[in-house]
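Architecture at a glance
The lines below spell out each chain.
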Amino acid sequence: MSQSKQARAPKILRRRTRRDDLPEEIVLEILARLPVKSLLKFRCVCKTWYSYITNPNFISTHLLCYNNNHDGGYVIHMPKATFSMAYFHLPHSQICTLAFDRTFETISEFRIPFTFESGYPSLVGSCNGILCFTDFIISKSKDVYLWNPSIRKFKRLPNTCLTQLSNVALGFGYDSQNNDYKVVRFSWTIAKPKPPPEVEVYSLSSDSWKIIELGISWRPNVLAHYFNYTLTFPFVIGHLHWMIEMIDEGGAQEGRFTSMILSFNVNSEKFKELPLPDDEGNCISKCLTSFKEKLALIKFESCVPPHSMLLCSIWLMREYGVFDSWNKLCVVPVESYPNFIGFTKYGLLLVRKWSQLVSTNSELESKDKSFLIDPETLHEKEISYIGNHIDNRFDIAAYMENLTLLDGENLVSY
Amino acid sequence: MALELKSSDNKIFEVEELVAVQSETIKSLVEDGCADNVIPLPNVDSKTLELVLDWCKNHVDMKLDEEKLKEYEDKFIEVDQAVLYDLLLAANYLNIKDLLNRACQKVADMLKGKTPEQIRETLNIVNDFSPEEEEEIRKENLWAFEE
């Protein structure tokens, strides 16, 4: 807003004309502080206001201005499908919960407004409150949706431009340089040894997919690869990240995986490999997530029997891209993968625990409890239980007031 | 050092430089060496200028006491609509960021729950949509109008 002031004649010399007219720059400052629900209504005030509100520059100004001016934010909990759910054709509730991001107190509930062929959604990622979903069953995941719950609009992305879709992996990120949202899709052939994947990128501003080069050297003789879907693939410091664990011909005989962190710069659309920390420990699997806007690596190891817990070592890459900056933050025990929910925006770890209590009529009851753990001190705090007993697993994403998807092709309002 | 500011109704205010330069506009004039004589502010009347200068003075005095400052700001901004608009325009003209921010937020809070028709009335805006065009926009997001 202040940039335009320098180009104009000195304020002291200009007189205001009509008494009742607020100058454009003030109207924009006021609009930027309004919730999206008001802005949706105020589009019909007049044509000028309509064009202010739908302008992409205003949309990004509003996103920053509105969400920064409020103390504490909101999160959405979305029920996560599981393989056993799909195998036994159990119903998926489709109900998401909106809650405060510090206390997790529920505010409201709403349904996921679109469905997938398999009946099970999978969250690809979230950026600035925009959610990206695909089908949980990877072989059926040709449908990708972008959803903005704050303005109740969603959009199905156009069809792929790849030759075939198999063994698909996706990522969702925000290009801050061009104010654009992008979806990345990999597809691997079934052939062995596996060649590098085909990759395509979708850009919201062009509403189209385009094929891009992987551009990095691929491991030879890869027989199989594996993604850990415990947590959504993180978008951190303008980059999307995937942890790929691969078995090559040599490793197959020894039962050995090699791991690779693939990072994608959403602005430049270039891939590179990031180094993993130098920890030789034997772990069952690893996955990536974000911790206070830094890249974090979680290693899951099993406890010494008879305990059946998982030990999660949390590593943090303190300086992005720098191998030496990998630092082990802490080790936290969890009961199983679904009980490791993820980090809140304040850097606390949300976990669930089963506990058995003796109730008032002396019966043994088992109950799910949710805890927030501070990774620096390992101090735990119980919070009100999230979700319901039907949905065992869930994803959390930040809820933000955002006008993205207000205008465009193939948008559905509900 | 003291500066002299003249309101649109020709009233002269003597203010300390430290207080007056909270206004980026006045600050630029001082830095350009144009502040030796009385500085005319033809777009701010004396009533508004007095309020603005009170804001500026308190921001200098209470700079280190965040709680006291917040209490002051909350009380300051509880004014009627006409005064609020004058403050808004003055803060914009004089480029006083924190006052502009606070005043815009207050106006936003006031406008939040209004209908488009009420907005037009309050801000004196002419509706240039046809009834059909307006209806189409409403239909697109009916829930925003109804809930």
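By convention here, each chain's residues receive numbers from 1 onward along its written sequence. Numbering of ligands from 1 and lettering of chains from A proceed in the order in which they are written. Thresholds applied to this predicted model are a pLDDT of at least 70 for local features of residues and 80 or more for the giving and counting of side-chain atom pairs; totals over whole chains, interfaces and linings are not thresholded and use all residues. Excluding hydrogens and water, the side-chain figures rest on all heavy atoms present in the structure.

1. Details of the overall build of chain A
Inclusion rule: In this text, helices come from DSSP runs of H or I with a minimum length of four residues, and strands from runs of E with a minimum of two, each type numbered from the N-terminal end. Note on exposure labels: buried denotes an accessible area under 20% of the residue type's maximum, exposed denotes more than 50%, and partly exposed covers the range between, all computed with a 1.4 Å probe on protein chains only. Any two residues having at least one pair of non-hydrogen atoms within 4.5 Å are treated as being in contact. Under the convention used here, a 1.4 Å probe and the Shrake-Rupley method define accessible areas, while residue burial counts only the protein chains that appear.
Secondary structure assignment for chain A yields seven helices and 26 strands. When each of the 414 residues of chain A is scored for burial, the buried share is 52%. Look at the contacts in chain A between residues 6 or more apart in sequence, and 53% of them connect residues 24 or more apart. With the model as given, the accessible surface of chain A reaches about 19,700 Å², and the carbon-plus-sulfur share is 51%.

2. Comments concerning the interface of chain A and chain B
Spelled out, the test is: The quantity reported as buried area is the accessible area (1.4 Å probe) lost by two parts once they are put together, taken as the sum for both. Basic side-chain nitrogens of Lys or Arg form a salt bridge, by our definition, when they fall within 4 Å of a carboxyl oxygen of Asp or Glu. For the purposes of these results, a polar contact is taken to be a pair of N or O atoms within 3.5 Å, where, inside protein, one atom must be able to donate a hydrogen and its partner to accept one; residues adjacent in sequence count only when each atom of the pair is a side-chain atom.
Each side of the interface is counted separately: chain A has 38 residues, and chain B has 41 residues. Taken together, both faces of the contact between chain A and chain B bury some 3,900 Å²; the carbon and sulfur share is 60%. Taken together, the links from chain A to chain B amount to two salt bridges. Where Glu140 of chain B meets Lys153 of chain A, a salt bridge forms, and the shortest distance between an N and an O atom there is 2.4 Å. Across the contact surface, chain A and chain B share 10 residue pairs in polar contact (both at pLDDT 80 or more). Among the elements of the structure, helix H2 (24-31), helix H3 (36-42) and helix H4 (47-54) of chain A are those that each provide at least two residues to the side of chain A that touches chain B.

3. Overview of the side chain of Glu200 of chain A
Structurally, Glu200 of chain A can be placed in strand S10 (residues 198-203). A distance of 2.8 Å separates the side chain of Glu200 of chain A from the side chain of Arg185 of chain A, its partner in a polar contact.

4. A look at the packing of H2 of chain A against helix H5 (residues 81-94) of chain B
Applicable threshold: For helices, the axis comes from a line fit to the C-alpha atoms of the stretch in contact; other axes are also lines fit to C-alpha atoms, and the angle between any two N-to-C directions lies between 0 and 180 degrees. Should an angle fall under 35 degrees it is taken as roughly parallel, and over 145 as roughly antiparallel, whereas 65 to 115 is taken as roughly perpendicular and any remaining angle as oblique. In this scheme, a crossing is called left-handed if the near helix is turned counterclockwise away from the far one by less than a right angle; it is called right-handed if the turn is clockwise. Under this grouping Gly is polar, as are all residues other than the nonpolar Ala, Val, Leu, Ile, Met, Phe, Trp, Tyr, Cys and Pro and the charged Asp, Glu, Lys and Arg.
Put simply, H2 of chain A and H5 of chain B touch, their axes get as near as 11 Å, and they point 110° apart. When the axis of H2 of chain A is compared with that of H5 of chain B, the two are roughly perpendicular. Considering how the two elements wind past one another, H2 of chain A and H5 of chain B form a crossing that is right-handed. Along the contact surface, H2 of chain A presents Glu25, Ile26 and Ile30 of chain A, while H5 of chain B presents Leu88, Leu89 and Asn92 of chain B. Per-class residue counts for the contact of H2 of chain A with H5 of chain B are four nonpolar, one polar and one charged.

5. Some points on the pattern of salt bridges
Residue and element names in this part refer to chain A. Scanning the entire structure with this criterion turns up 24 salt bridges over all chains. Asp143 serves as the salt-bridge partner of Arg156, at 2.9 Å between the closest nitrogen and oxygen. With Arg156 in strand S7 (residues 153-156) and Asp143 in the loop between strand S5 (130-135) and strand S6 (144-148), this residue pair connects regions lying 13 residues apart in the sequence. With relative accessibility at 15%, the residue Asp143 sits in the buried group. A salt bridge links Arg219 to Glu273; its shortest N-O distance comes to 3.4 Å. With Arg219 in the loop between strand S11 (208-212) and strand S12 (222-227) and Glu273 in strand S16 (residues 270-274), this residue pair connects regions lying 54 residues apart in the sequence.

6. Looking at the sheet that holds strand S17 (residues 285-291) of chain A
Residue and element names in this part refer to chain A. Filter applied, for reference: When DSSP finds two or more bridges between a pair of strands, those strands are recorded as paired.
The strand order S17-S18-S19-S20 describes an open sheet built from four strands, whose pairing is antiparallel. On the outer flanks of this sheet lie S17 and strand S20 (326-334), each paired with one strand and no other. With direction set aside, neighbouring strand axes in the sheet form an average angle of 25°. Bridging between strand S18 (residues 294-302) and strand S19 (residues 310-317) involves eight bridges; their strand directions are antiparallel. Following the sheet pairing, Lys299 is matched in S19 by Ser313.

7. Some thoughts on the packing of helix H3 (residues 46-61) of chain B against H5 of chain B
All names here are of chain B. At a closest axis distance of 10 Å, the pairing of H3 and H5 adopts a crossing angle of 70°. As summarised for this structure, H3 and H5 are arranged roughly perpendicular, according to the angle between their axes. Of the two elements, H3 crosses H5, and the hand of that crossing is right-handed. On the side of H3, the interface is formed by Lys47, Thr48, Leu49, Leu51 and Val52, while H5 contributes Val83, Asp86, Leu87, Ala90 and Leu94. Here the contact of H3 with H5 is composed, by residue class, of seven nonpolar, one polar and two charged.

Purely geometric numbers; function is a separate question.
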